[in-house]
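Structural features, examined
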Amino acid sequence: MWRVGMSEEIGKALQAVVDRVRQAAARRPQTLPLVSPRLVAVSKTKPPEMVIEAYRQGQRNFGENYVNELVEKASNPQILSSCPEIKWHFIGHLQKNNVNKLLGVPNLFMVETVDSVKLADRINSSWQRLRAANSQQLKIMVQINTSGEDSKHGLPPEETVSTVKHIVSQCPALHFMGLMTIGRYGYDLSQGPNPDFQMLLSCRQEVCDNLQLPIEEVELSMGMSTDFEHAIEVGSTNVRVGSTIFGERDYPNTPSPEKRRVVVDEEAAGKLQHLTVKEQ
Ligand SMILES: *Cc1c(COP(=O)(O)O)cnc(C)c1O
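Residues numbered from 1 in each chain as written. Predicted model: local features only at pLDDT ≥ 70, side-chain atom pairs only at ≥ 80, totals over all residues. Heavy atoms only, no water.

1. Some remarks on the overall build of the protein chain
Along its length, the protein chain carries twelve helices and eight strands. Among the 280 residues that make up the protein chain, the fraction classed as buried is 52%. (Helix = DSSP H or I, 4+ residues; strand = E, 2+ residues; numbered from the N terminus. Buried < 20%, exposed > 50% of the residue type's maximum accessible area, 1.4 Å probe, protein only.)

2. Here we look at the site of the ligand
As a structural note, the neighbourhood of the ligand is formed by 14 residues, with Lys44, Ser225, Gly242, Ser243 and Arg249 the closest of them. Between a nitrogen atom of the ligand and a side-chain N or O atom of Arg240, the distance comes to 2.8 Å. Separating an oxygen atom of the ligand from a backbone N or O atom of Gly242 is a distance of 2.8 Å. Its free accessible area being 390 Å², the ligand has 95% of it covered by the protein chains. Among the elements of the structure, strand E8 (238-241) and helix H11 (257-268) are those that each provide at least two residues to the shell around the ligand. (Near = heavy atom within 4 Å. Polar contact = N/O pair within 3.5 Å; in protein donor to acceptor, adjacent residues only side chain to side chain. Areas by Shrake-Rupley, 256 points an atom, 1.4 Å probe, with all protein chains shown as cover.)

3. Focus: the pattern of salt bridges
Enumeration according to the criterion identifies eleven salt bridges in this entry. Salt-bridge contacts for Glu64 lead to Lys73; the nearest nitrogen and oxygen are separated by 2.7 Å. Pair check on accessibility: Glu64 and Lys73 agree, each one buried. Across the salt bridge formed by Glu149 and Lys152, the nearest N and O atoms sit 2.9 Å from each other. (Salt bridge = Lys/Arg side-chain N within 4 Å of Asp/Glu carboxyl O.)

4. As for the UniProt feature "modified residue: N6-(pyridoxal phosphate)lysine" (unreviewed entry) in the protein chain
Cross-referencing UniProt, the feature "modified residue: N6-(pyridoxal phosphate)lysine" (unreviewed entry) maps to Lys44 in the present numbering. Its place among the elements puts Lys44 in the loop between strand E1 (38-42) and helix H2 (48-56). (UniProt positions renumbered as here; feature names shortened; annotations may be inferred.)

5. What about the pairing of E1?
Of all five residues in E1, five are buried, a share of seventy percent or more. Side chains of E1 alternate between two faces, with Arg38, Val40 and Val42 and Leu39 and Ala41 buried alike. Pairing between E1 and E8: four bridges, direction parallel. Among the inter-strand pairings, Arg38 is bridged to a residue of E8, identified as Asn238. The sheet contact formed by E1 and strand E2 (residues 61-64) spans two bridges and is parallel. Bridging from a neighbouring strand, Val42 pairs with Gly63 of E2. This β-α-β element, E1 to H2 to E2, shows right-handed connectivity. (Pairing = 2+ DSSP bridges. Right-handed = clockwise from strand over helix to strand, strands pointing away.)

6. Describing the packing of helix H1 (residues 6-26) against H2
Two quantities define a packed helix pair, namely the angle between the helix axes and the distance between the axes. Running from N to C, H1 and H2 point in directions that differ by 55 degrees, and their axes come no closer than 9 Å. When the axes of H1 and H2 are compared, the pair comes out oblique. The chirality of how H1 crosses H2 is right-handed. From H1, Met6, Ser7, Ile10 and Leu14 reach across to H2, where they touch Met50, Glu53 and Ala54. Here the contact of H1 with H2 is built from residues that sort into five nonpolar, one polar and one charged. (Axes fitted to C-alpha atoms, helices over the stretch in contact; angles between N-to-C directions. Parallel < 35°, antiparallel > 145°, perpendicular 65-115°, else oblique. Left-handed = near helix turned anticlockwise from the far one by under 90°. Contact = heavy atoms within 4.5 Å. Nonpolar A, V, L, I, M, F, W, Y, C, P; charged D, E, K, R; others polar.)

7. A short note on the environment of Phe228
Among the structural elements, Phe228 can be located in helix H9 (residues 228-233). Sequence separation of Phe228 and Val241 is 13 residues, and the distance between their C-alpha atoms is 7.5 Å.

8. Description of a positive patch on the surface
On the surface, Lys96, Lys118, Arg122 and Arg129 cluster together to form a positively charged patch. Looking at where Arg129 falls in the secondary structure, it is placed in helix H6 (residues 117-130). By relative accessible area, Arg129 is classed as exposed at 53%. (Patch = residues over 30% accessible without salt bridge, like charges linked within 9 Å, V, L, I, M, F, W, Y side chains within 5 Å. Lys, Arg positive; Asp, Glu negative; His and termini not counted. Charge placed at Lys NZ, Arg CZ, Asp CG, Glu CD.)

9. A short note on the pairing of E2
Going residue by residue along E2, you find Asn61 and Gly63 tucked away on one face and Phe62 and Glu64 tucked away on the opposite face as well. Bridging between E2 and strand E3 (residues 87-90) involves four bridges; their strand directions are parallel. Along E3, the bridge assignment pairs Glu64 with Phe90.

What follows is the structure, encoded as structure tokens:
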């Protein structure tokens with residue numbers, strides 16, 4: 001998987017994305033909070049060498065969507081020694097029985113996919129137990145299913161306020177950072193602003209109104225390879241970009257292009273546990 005010349009390719013691709021992020025941020029209307037968007041480089045299915053190379057080029061935030069793959073990469077001895085300041089984001093579907101495993105990940109920075117009160121409670125109590133020694137809160141985001149598709153995880157938008165309220169008042173080990181969505185694939189931007197992103201913006205407005213939180217303190221994680229610039233232009237503060245930095249992902253068990261499209265769809269919905277198990 002690692003070829004000669006790859007480090008140069010990653011460096012160039014990463015720099016191009018960093019520039020595009022900066023330019024998109026400069027195009028935002030003045031009404032949006034002036035936070036510089038965080039670029040999360042999504043390294044799922046890619047080897048540790050690529051993570052190390054991107055880190056060497058200055059990238060610090062990385063995202064993975066399977067617990068086992070994240071555990072493996074974050075504990076990789078080369079990554080541990082070459083990337084002391086790495087920040088891992090978990091962006092996949094989290095099952096309660098995997099919480100302890102996830103929370104043991106070295107350099108875990110943020111869990112972006114909390115999608116129920118029960119899951120929040122479980123993460124809260126596990127973090128209290130595991131990290132009792134250091135009193136640092138764990139940063140989390142609440143995932144919203146803005147498109148309402150069955151294949152997507154996340155809370156229905158109307159449960160956003162009550163869930164965030166619960167986390168803020170009942171989960172002292174968690175630091176509520178904002179809202180996250182994946183959204184529908186292949187939205188055609190010539191039709192106007194992406195409705196998933198607009199939905200996430202209105203969920204944030206509701207949260208801020210109801211909980212008296214300043215808008216610049218509630219982040220929005222939205223935007224991927226195909227739409228991160230648009231996402232930033234409408235207010236994303238955290239974009240998750242994989243293939244544009246690291247190249248297309250190979251899935252060994254996906255023979256035809258049609259199957260592959262389905263797989264990629266499901267994958268981001270966190271439904272491909274069985275494929276990753278086979279890969280490992
Ligand atoms: C894979 C993935 C991404 C990155 O997708 P690209 O299209 O490769 O940029 C972003 N977010 C989530 C939740 C993902 O699973």
